[in-house]
Amino acid sequence: AALEEKGVKYIELTELRRGLVNRIDSISYKDINKFVEQYQSYRKLILFDENILGELHQPENLIEYPLAHSRLTRIKEALKDYSFTVSLVLRDYEDYYISRYCEFTRHYSFKLLSEYYSDGVENYNGWQYLVRQVKDAGFDNIRVYDFKNAVSDPEAFICSFLDETL
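Small disclaimer: the values here were computed from a predicted structure and weren't measured.

Q: Mind laying out the packing of aromatic side chains, listing which residues take part and the relevant values?
A: Per the stated rule, a full pass over the model turns up 13 aromatic pairs. Each member of the aromatic cluster is reached from another via a ring pair, and the members are Phe48, Tyr145, Phe157 and Phe161. The ring of Phe147 is capped by Arg91, whose NZ or CZ atom sits 4.6 Å from the centre of that ring.

Q: How would you explain the pairing of strand β3 (residues 86-90) if you had to name every residue and give the values?
A: Within β3, four of the five residues are buried, leaving the element largely enclosed by the surrounding structure. With five bridges joining them, β3 and strand β4 (residues 142-146) adopt parallel strand pairing. The residue of β4 that forms the bridge with Ser87 is Arg143.

Q: Can you break down the pattern of salt bridges residue by residue, with the values?
A: One pass over the full model with this rule turns up eight salt bridges. A salt bridge links Lys9 to Glu4; its shortest N-O distance comes to 3.1 Å. Note on Lys9: relative accessible area 14%, which makes it buried. In this structure, Lys34 and Asp31 form a salt bridge, with 4.0 Å as the shortest nitrogen-oxygen distance.

Cut-offs applied
Residues numbered from 1 in each chain as written. Predicted model: local features only at pLDDT ≥ 70, side-chain atom pairs only at ≥ 80, totals over all residues. Heavy atoms only, no water. Phe/Tyr/Trp six-rings, centres within 6.5 Å; stacked < 30°, edge-to-face > 60°. Lys NZ or Arg CZ within 6 Å of the ring centre and 35° of its normal. Buried < 20%, exposed > 50% of the residue type's maximum accessible area, 1.4 Å probe, protein only. Helix = DSSP H or I, 4+ residues; strand = E, 2+ residues; numbered from the N terminus. Pairing = 2+ DSSP bridges. Salt bridge = Lys/Arg side-chain N within 4 Å of Asp/Glu carboxyl O.

So this is what it looks like as structure tokens:
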């Protein structure tokens, strides 16, 4: 409620995924606009979901979020009349590897960690690659936050994220 009093709308995750994220690759630019326009009474809109970037896919890709560029480009082109700040909340890369493996074991057949990363972690692109994809999709205002700081002090994170106090 405090955010909405300040004219900021955080779209709940279920609503965001159902209305936009899960359909982003197939819906029209008009439908993307229609989804956002229902919140036009707010001065800021928060679309906060790691799945906007797409799925991780299997490690053989050696690319983190291989659909990120195309999905972000669609959003940017569809909503060209809006201004954006892209905020990436990134984990330590070692923690990310563990999390990625856990997600894999939830969705695919089990593999030993050593099999999952058989190509070696040194072959992965790193977060710089992801930031470059965001930049190449046409976003100039990009902020990077440390996941640990966001989790340890959520209010400070939100204030920094919004450039204002609550």
